[in-house]
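Here are the chains, one letter per residue:
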Amino acid sequence: MGCLRAVRLGFSMLKVLQIGEGNFLRAFAEDYIQKGTENGLFDAEVAICQPRTNTRVINLLKAQNCEYNVYHKGRLDGEIIDDAKRITCVKRCFDTVSEYDELVDYACLADVIISNTTEAGIAFDENDKLENSPAVTYPAKLCAMLYERFKRGGKELVLLPSELIENNADELKKCIIKYIDLWSLGDDFKAYVNSGISFCNTLVDRIVSGHIDGDSDPCSVSCEPYATWIIQADERCRRVFPIESLKGVVFTDDILPYRTMKVRLLNGTHTMSVLAAYMCGIDIVRDMMQDETFAAYIDKGCEEIKSAMDFDRAELDAYANSVLMRFNNPFIDHRLLDISLNSVSKFSARCLDSINDYVSKFGTAPDVLSFALAALIAFYLKTGSSREYEVKDSEENLSFFNGIANLTADEIVGKVLALYGIDISDIYNKVLLHYNSITTLGCDGAVKELINA
């Protein structure tokens, strides 16, 4: 019914090329595009191609008329959601290698190109050549397709990369400009890229758990009902891809505050809690959320993170509440030990700015975030818990902790704070206090002491 309504309203067909056939985009971008068509925002068709050579998913989609089911499983707005949606907006699938010419033809007609080629996908390789069909790297493939599009008239275009790197569209554009120079494609083409194409930075968020074992649809994918698509949208994007009215979509002039909010509240809350929770005998995120002590720990830590941020408090509270609801998903068993991977770098990226901003704003170190750093030290040194586990991190970080294992507590804390570039005495004092508490009382006793203080 929604598709018919869009046609009746007289929309021209919105053509979307999706570079990336994986579970995430099929449960995210197609879900939004399907809703946009059903809500009469446009009449859309999607064509999907794979960024590399593996054609398994492409062939499976072709075998079932490019249609598949998306299952939404989780909590949204306080309710448990468990439903299925049929995705019918995908009309074509291209094998990037054997059907490259047809893919280029479609790319020259597309209004929007969406991509997800993993964080490593947006990269420049000076050995890539224009005459390759296709080129090796994603930016080289895209540059070649855009050059052909330019030669055929240079229709305007919106690019929406969803790779999980900061300023993903800006980084993609930098690579394309490098290929223009490397391949001597000329100033006119470069002018088209600069003025005729909207490179829109995006921030995407949805937990996609993948295919459900035993489901008869080999292309089906399961995900949480929560989703956000933050787009740094210019006028062309707003006009060509008008999805801002859909739940979870935000068009903004500056994506940075939203990225900061996600990194600190979603990723940072994970990082500040999972190591301590695992040492206390908890195995999955949902059980951590349902543990009375850790629920209080996380509430207190979230309050520290929010209070250190200069952002609209109502938005912070709403986002934090959605994060805690998502952590309590009854359908996803998210293992704490899996999340613990590479925690040294994760703490730097996700928690360190919150600590520093808290100190700058209040003149003292935050209690829970300082405890989280102490718990990280204890986790890596395997003290404060009787659990047996393997710490997974880079050889460099594992070697660092092996090298400080026999030092005194104050020396250990000093070395770790130096690793993070922290030279604030109040942070040192609190981390040392909590580290000694963990080694003396065990992590379980130390967390309870922290919460009851």
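Quick look at the structure, then. (Residues numbered from 1 in each chain as written. Predicted model: local features only at pLDDT ≥ 70, side-chain atom pairs only at ≥ 80, totals over all residues. Heavy atoms only, no water.)

### Let's talk about the sheet that holds strand β13 (residues 249-252)
Point 1. Pairing in this open sheet of three strands is mixed, and the strands run β9-β12-β13 from one edge to the other. The outermost strands of the open sheet, each flanked by one partner alone, are β9 (202-205) and β13. Pairwise comparison of adjacent strand axes, ignoring direction, gives a mean angle of 10 degrees for this sheet.
Point 2. Sheet topology places β9 next to strand β12 (residues 228-232); four bridges connect them, and they run antiparallel. Residue V204 lies in a different strand from β12, and its bridge partner there is W229. (Pairing = 2+ DSSP bridges. Helix = DSSP H or I, 4+ residues; strand = E, 2+ residues; numbered from the N terminus. Axes fitted to C-alpha atoms, helices over the stretch in contact; angles between N-to-C directions.)

### Here we look at the sheet that holds strand β10 (residues 208-210)
Point 1. Pairing is mixed across the open sheet formed by four strands, whose spatial order is β4-β3-β11-β10. The open sheet terminates on both sides in strands that have one partner only, identified here as β4 (79-87) and β10. Across this sheet, the average inter-strand angle for adjacent strands is 20 degrees, counted without regard to direction.

### Observations concerning the environment of L17
Point 1. Along the chain, L17 turns up in strand β1 (residues 13-19).
Point 2. Note on L17: relative accessible area 0%, which makes it buried.
Point 3. Considered as a pair, L17 and N201 are 184 residues apart in the sequence and their alpha carbons are 17 Å apart. (Buried < 20%, exposed > 50% of the residue type's maximum accessible area, 1.4 Å probe, protein only.)

### Topic: empty space enclosed by the protein
Point 1. According to the stated counting rule, one finds one cavity of 30 Å³ or more in the structure shown.
Point 2. The calculated volume of the largest cavity comes to roughly 80 Å³.
Point 3. Lining the largest cavity we find I207, E224, H270, V285, R286, R326, F327, N329, I332 and H334.
Point 4. Mapped by element, the contributors of at least two residues to the lining of the largest cavity are α10 (285-290) and α12 (313-327).
Point 5. Residue composition of the lining of the largest cavity, grouped by class: four nonpolar, three polar and three charged. (1 Å grid on protein atoms, 1.4 Å probe; cavity = no way out; pocket = protein on both sides within 12 Å on 5 of 7 lines; lining within 4 Å. Points joined across faces, edges and corners; volume = space filled by probe spheres on them. Nonpolar A, V, L, I, M, F, W, Y, C, P; charged D, E, K, R; others polar.)

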